[in-house]
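Examination of the molecular architecture
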Amino acid sequence: MGTAYKIAGIFMALLAVVSCKKNNINAPQLTLSNITDTIPAGGGTVALTFNSNAAWSIDTTGFGWLKLSQTSGGGGAATITLTGAANNKLGASRLLLLNLNASNGQSRRITVWQDVIIYPSYNTSAIAADATGMSSTATQIANNITYGWNFYNTMEAPGGETGWGNPPITQQQFDLLKANGVNAVRIPIRYDGHLINIATAQIDPVWLARIHQVIQYGINDGMYVTINIHYDPGSTLTGAQQDSANAKHKALWEQVATYMRDFDEHLMFASLNETSLNNSNDVTSMITTMRYHQTFINAVRGTGGKNVYRTLVIQSPSASTDILNQYLDPTNVYKTPKLPTDPTPHKMMLEFHYYSPSQYCILGGNDNTAVPQDASWGKELYFWGSRKTYSVNGAYDTYHTTNPLFLDRNCTANSEENYADSIFKTVKTRFADKGIPLFMGEYAPSDHFARLTGYPADSLKSRASETHFTAYIAQQAKANGVIPYLWAGIFNRPANNGVPTGPAVVGDQVTLDSVKVGVNRGIAAYGSGTKFQ
């Protein structure tokens with residue numbers, strides 16, 4: 001009887017081993033996610049590499065302009081080369097949907113675009129790749145940046161730098177930033193209005209030369225400079241209109257990238273600004289935005305030289321953290337759409353903006369009127385923050401007013417520090433911890449003290465609230481691997497209708513000191529980064 005039990009035990013063990021091996025062999029495996037790829041308008045190739053433990057095939061019926069090096073295969077590693085026909089001048093982009101089906105029941109959807117040729121190519125002088133001065137990864141650059149500041153709507157103003165009353169950018173303004181420990185700037189730029197040929201989207205060389213000069217001001221001070229295309233090129237458009245907008249994006253970036261190609265890694269390019277999607281929950285609109293970014297990457301990398309290794313910044317749709325977290329989480333391999341493909345690894349940053357709550361950060365502005373700037377979607381709020389802050393900013397226990405006249409102007413607890421803590425922790429986990437540096441290209445509160453004339457205690461508290469917001473958001477950004485760029489404030493550039501009336505100066509020393517404390521605390525919590533000295 002004992003022998004029989006032993007034999008039965010051995011038999012059962014063998015069955016278990018065979019079953020495990022059998023299950024391992026039959027477990028579905030297709031290491032390819034649903035993706036979108038682009039073929040250059042002038043023709044070219046992309047490669048799909050994957051593994052499968054079962055036979056697979058792709059239906060190519062009606063493909064025409066797209067050729068595949070292989071349409072079926074057995075198990076193991078596979079690389080398929082997709083080759084697009086040259087010179088798509090048909091007036092509209094082309095799109096094909098490839099369905100890759102494996103015999104184990106798995107399938108993947110591969111979308112392939114080819115843009116239309118509308119504007120002439122401006123990549124007419126591409127040069128060999130040049131890695132000189134370009135050795136840092138995007139993460140290393142992010143660690144080198146202490147704090148960033150925007151030249152807001154100066155070079156984005158219609159008609160030129162002084163179009164909205166700002167003075168021209170000068171070396172002295174950069175020198176002031178550097179002297180106060182700020183080592184990065186973002187320069188929003190407009191190109192419409194600076195085209196010498198609208199039909200061909202040719203940028204005025206005088207405007208390109210001015211951009212180059214302003215970048216050089218920053219480089220002279222050892223600063224990191226980021227330039228972008230600040231207006232929405234057409235993310236809400238469809239069909240041929242959207243094709244035209246995307247083609248224009250390519251034409252502009254080929255010209256800008258070529259002209260600025262010789263700057264080292266201290267210059268970064270950012271594709272867009274705040275795209276306006278038809279519907280933030282619409283996957284098609286998301287794909288449209290990622291398509292702009294892919295066009296941007298292809299255009300810049302194609303010019304060669306240092307641009308092959310330059311750090312590039314792409315934006316979350318609408319520069320939203322919510323959309324960023326919902327759609328672009330890199331841990332979700334089945335997501336649609338996906339982040340664009342960069343042929344140069346570890347050279348990409350992901351941008352979002354922080355204006356939350358919008359009733360505090362967007363509504364308002366010191367317009368010298370006591371009338372609140374309420375909107376249909378909410379009231380202007382004057383007071384943000386419910387925690388003690390930095391000693392340089394007074395001894396407030398809370399930034400909420402107790403004045404019955406303004407109780408409805410306090411921010412709610414779910415939109416203050418706890419909300420910021422949650423948002424920054426989430427983006428750290430999903431992106432910074434995965435090696436994707438985060439670039440908070442804009443953040444700032446609005447001024448509300450003009451609504452509080454005659455109430456000095458509340459006015460002072462509202463001002464202190466702005467300082468607290470500015471410093472606290474910077475602290476939490478740095479504590480979670482995010483580079484903060486203040487949109488406006490702290491530094492004043494006095495002017496009268498665009499004519500300078502004096503040198504740039506520190507206009508808010510209390511907020512600057514608070515930001516320094518906050519940034520250094522954040523870096524200490526994160527464990528790496530370059531502190532204010």
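As the structure is a prediction and not an experimental result, all values here were calculated from the model.

For the protein, the count of helices and strands is 11 helices and 24 strands. Expressed as lengths along the three principal axes of its C-alpha atoms, the size of the protein is roughly 95 × 75 × 45 Å. Burial status across the protein gives 52% buried among its 533 residues. Considering only residue pairs separated by 6 or more positions, the protein has 75% of its internal contacts joining residues 24 or more positions apart. Element-wise, carbon and sulfur atoms account for 53% of the exposed surface of the protein, whose accessible area totals about 22200 Å².

Counted under the stated rule, the structure contains 21 aromatic pairs. Here a set of aromatic residues connected by ring pairs shows up, and it is made of Phe352, Tyr354, Tyr360, Trp384, Phe424, Tyr443, Phe469 and Tyr472.

This brings us to unusual backbone geometry. Omega for the bond connecting serine 356 with proline 357 falls within 30 degrees of zero, at 0°, which places this linkage in the cis form. In this fold, proline 357 is placed in the loop between strand E18 (348-354) and helix H8 (358-361). One non-glycine residue with positive phi stands out, namely asparagine 497, at about 55°. Here asparagine 497 lies in the loop between strand E22 (495-496) and strand E23 (499-500).

Our focus in this paragraph is the sheet that holds strand E4 (residues 66-68). If you trace the 3 strands from one edge of the open sheet to the other, you get E2-E6-E4, paired in antiparallel fashion. The open sheet has two edge strands with one neighbour each: strand E2 (44-52) and E4. Pairwise comparison of adjacent strand axes, ignoring direction, gives a mean angle of 20° for this sheet. In the sheet, E2 pairs with strand E6 (residues 76-84) via 9 bridges, with the strands oriented antiparallel. Note that in E6 the partner of leucine 48 across the bridge is isoleucine 80.

Taken as a whole, this structure holds 0 disulfides when the rule is applied. Left without a disulfide partner, cysteine 361 is nearest to the cysteine sulfur of cysteine 411, which lies 7.7 Å away. Judged by relative accessible area, which is 5%, cysteine 361 ranks as buried. In this structure cysteine 411 comes out as buried when scored by relative accessible area, which is 3%.

The next point concerns the pattern of salt bridges. All chains considered together, the criterion is met by 15 salt bridges. Across the pair glutamate 161 and arginine 210 runs a salt bridge, and its minimum N-O distance is 2.5 Å. Here arginine 210 lies in helix H4 (residues 205-220) and glutamate 161 lies in the loop between strand E10 (148-150) and helix H3 (171-179), a separation of 49 residues in the sequence. Here the two residues glutamate 161 and arginine 210 agree in accessibility, since each one is buried.

This part covers the side chain of histidine 468. Tracing the backbone through its elements, the reader meets histidine 468 in helix H10 (residues 456-479). Residue histidine 468 is classed as buried on the basis of its relative accessible area of 1%. A polar contact is formed between the side chain of histidine 468 and the side chain of glutamate 417, at a distance of 2.8 Å.

The subject of this paragraph is the sheet that holds E10. Here 8 strands make up a closed barrel; going around it, the order is E10-E11-E14-E15-E17-E18-E19-E20 and the pairing parallel. Strand-to-strand twist of the sheet, defined as the mean angle between neighbouring strand axes without regard to direction, takes the value 30°. The sheet contact formed by strand E15 (residues 267-270) and strand E17 (residues 312-315) spans 2 bridges and is parallel. Considered in E17, the bridge of alanine 270 is made with valine 313.

This brings us to the pairing of strand E1 (residues 35-39). Where burial is concerned, most of E1 is hidden: 5 out of the 5 residues are buried. One ladder, built from 5 bridges, connects E1 with strand E8 (residues 107-114); its direction is parallel. Along E8, the bridge assignment pairs isoleucine 35 with isoleucine 110.

Let us now look at H4. With 16 residues, H4 should cover 22 Å at 1.5 Å per step; its first-to-last C-alpha distance of 22 Å lies within 8% of that length. All of the buried residues along H4 are Trp207, Leu208, Arg210, Ile211, Val214, Ile215, Tyr217 and Gly218. Residues of H4 that are buried in the fold lie against H3, strand E11 (184-187), strand E13 (202-203), strand E14 (224-228), helix H5 (239-259) and E15. Its side-chain oxygen placed 2.9 Å from the backbone nitrogen of valine 206, aspartate 204 serves as the N-cap of H4. Phi turns positive one or two residues past the end of H4, at glycine 222, with a value near 70°.

What follows is about the nonpolar core. Core analysis: the biggest nonpolar cluster contains 85 residues, and Ile187, Tyr191, Ile227, Met260, Phe269 and Phe424 have the highest contact counts within it. Not counting residues within four places of it along the chain, the set of residues in contact with tyrosine 191 comprises Ile203, Trp207, Ile211, Ile227, Asn228, Ile229, Tyr231, Leu252 and Val256. In terms of nonpolar packing, the next biggest core, distinct from the first, is built from 22 residues, Leu48, Ala102, Ile110 and Val112 among them.

Here the focus is the environment of lysine 428. Along the chain, the position of lysine 428 falls in helix H9 (residues 417-430). Excluding anything up to four places from it in sequence, lysine 428 contacts Asp433, Leu438, Ala479, Asn480 and Tyr526.

With that out of the way, let us pick up the pairing of E17. By the alternation rule, side chains of E17 split into Leu312 and Ile314 and Val313 and Gln315, which are all buried. In terms of strand pairing, E17 meets E18 through 4 bridges, oriented parallel. Across the sheet, the residue bridging to leucine 312 is methionine 348, located in E18.

Counting through the fold element by element, serine 356 comes out in the loop between E18 and H8. On a C-alpha basis, the gap between serine 356 and tyrosine 443 in space is 8.8 Å, while along the polypeptide they are 87 residues apart. Those residues in contact with serine 356 that sit more than four places away from it in its chain are Cys361, Trp384, Ser415, Tyr419 and Phe469.

Averaged over all residues, the pLDDT of the protein equals 87, while 90% of them reach at least 70. In the model, residues 3-25 has pLDDT below 50 throughout and makes 1 contact with residues more than four positions away in sequence or in other chains.

Conventions used here
- Residues numbered from 1 in each chain as written.
- Predicted model: local features only at pLDDT ≥ 70, side-chain atom pairs only at ≥ 80, totals over all residues.
- Heavy atoms only, no water.
- Helix = DSSP H or I, 4+ residues; strand = E, 2+ residues; numbered from the N terminus.
- Buried < 20%, exposed > 50% of the residue type's maximum accessible area, 1.4 Å probe, protein only.
- Contact = heavy atoms within 4.5 Å.
- Areas by Shrake-Rupley, 256 points an atom, 1.4 Å probe, with all protein chains shown as cover.
- Phe/Tyr/Trp six-rings, centres within 6.5 Å; stacked < 30°, edge-to-face > 60°.
- Pairing = 2+ DSSP bridges.
- Axes fitted to C-alpha atoms, helices over the stretch in contact; angles between N-to-C directions.
- Disulfide = S-S within 2.5 Å.
- Salt bridge = Lys/Arg side-chain N within 4 Å of Asp/Glu carboxyl O.
- Polar contact = N/O pair within 3.5 Å; in protein donor to acceptor, adjacent residues only side chain to side chain.
- Expected span 1.5 Å × (residues − 1).
- Core = buried A, V, L, I, M, F, W, Y, C linked by side-chain atoms within 4.5 Å.
- pLDDT = per-residue confidence, 0-100.

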